[in-house]
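# Commentary on secondary and tertiary structure
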Amino acid sequence: MAVPGGSPAPAVTLPLDAVTASSVRVVMTARPETHMVVSEIEVLGVVPAESGDSTLSSISVGGTPVTGFDPAVTSYEVPSRGKLPGVSALAADPYAEVAVTQPAGRDRAAVITVTSEDGAATSTYRVTLTK
């Protein structure tokens, strides 16, 4: 691709949607009977980064969202009678991993562990089912 000279320095955007590369080669040719001065070549690329978000966007008990849910609050008490309902959760980052330990027997608490996509952050939420 030919890049025009001039001032200010030219900027070129190349569509590299399906390109995988480990290096970039720049070939420059001076105009006849001139010389070339290069002060800087900058190559930028947009790369999706892995998220460090380990928060939840919602918690549900028996299919019903927990009232007043706030991702910054990690402990909830939810009234429940009879058979223990299932607890489910949805991560704020769709690539985060969510693991739910369901309440069982006398332990009426569910523990939700969220691990960020990059594996660097973990959050733990606790939902206690009260009688």
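Please refer to the structure higher up on the page.
Now for a quick tour of the structure. (Residues numbered from 1 in each chain as written. Predicted model: local features only at pLDDT ≥ 70, side-chain atom pairs only at ≥ 80, totals over all residues. Heavy atoms only, no water.)

## Thoughts on the overall build of the protein
- The helix and strand tally for the protein stands at zero helices and seven strands.
- Each helix and strand of the protein, placed in order from N terminus to C terminus, yields the pattern β-β-β-β-β-β-β.
- Against the compact-globule benchmark of 14 Å for 131 residues, the protein has a radius of gyration of 27 Å, which places it well outside the compact range.
- For the C-alpha atoms alone, the extent of the protein along its principal axes is close to 90 × 25 × 20 Å.
- Element-wise, carbon and sulfur atoms account for 53% of the exposed surface of the protein, whose accessible area totals about 10100 Å².
- In the protein, 8 positive and 13 negative side-chain charges are present, and the distance between their average locations comes to 20 Å. (Helix = DSSP H or I, 4+ residues; strand = E, 2+ residues; numbered from the N terminus. Rg over C-alpha atoms; globule rule 2.2 N^0.38 Å. Areas by Shrake-Rupley, 256 points an atom, 1.4 Å probe, with all protein chains shown as cover. Lys, Arg positive; Asp, Glu negative; His and termini not counted. Charge placed at Lys NZ, Arg CZ, Asp CG, Glu CD.)

## Regarding the sheet that holds strand 3 (residues 75-79)
- Overall, mixed pairing links the four strands, which are arranged 3-7-6-5 in an open sheet. Each end of this open sheet is capped by a strand with a single partner; those strands are strand 3 and strand 5 (97-101). On average, each strand axis in the sheet is inclined to that of its neighbour by 20°, with strand direction left out of account.
- As paired elements, strand 5 and strand 6 (residues 109-115) share five bridges and run antiparallel to each other. Bridge pairing links Ala99 to Thr113 in strand 6. (Pairing = 2+ DSSP bridges. Axes fitted to C-alpha atoms, helices over the stretch in contact; angles between N-to-C directions.)

## Observations concerning unusual backbone geometry
- Within the chain, Glu33 stands out as a residue other than glycine whose phi angle is a positive 60°.
- Note that Glu33 resides in the segment before strand 1 (56-61).

## Looking at the pairing of strand 6
- As defined by bridge partners, strand 6 adjoins strand 7 (residues 122-130) across seven bridges and the pair is classed as antiparallel. If you follow Ile112 over to strand 7, its bridge partner there is Tyr125.
- Counted along the chain from strand 6 to the antiparallel partner strand 7, the turn is six residues long, and its residue Gly119 has a positive phi close to 75°.

## Things to note about the sheet that holds strand 2 (residues 64-65)
- Across the sheet, three strands lie side by side as 2-1-4; this open sheet has antiparallel pairing. Each end of this open sheet is capped by a strand with a single partner; those strands are strand 2 and strand 4 (87-91).
- Pairing analysis gives two bridges linking strand 1 to strand 2, with the strands arranged antiparallel. Bridge pairing in strand 2 links Ser60 to Pro65.

## Brief notes about the environment of Tyr125
- Here Tyr125 shows up in strand 7.
- Using a relative accessible area of 1% as the deciding quantity, one classes Tyr125 as buried.
- As for Tyr125 and Ser54, which are separated by 71 residues in sequence, their C-alpha atoms are 11 Å apart.
- Here the side chain of Tyr125 touches Leu56 through a polar contact of 3.2 Å, landing on its backbone nitrogen.
- Reaching out from Tyr125, the side chain makes a polar contact with the backbone oxygen of Pro71 at a distance of 2.8 Å. (Buried < 20%, exposed > 50% of the residue type's maximum accessible area, 1.4 Å probe, protein only. Polar contact = N/O pair within 3.5 Å; in protein donor to acceptor, adjacent residues only side chain to side chain.)

Don't take any of this as a statement about function, it's just geometry.
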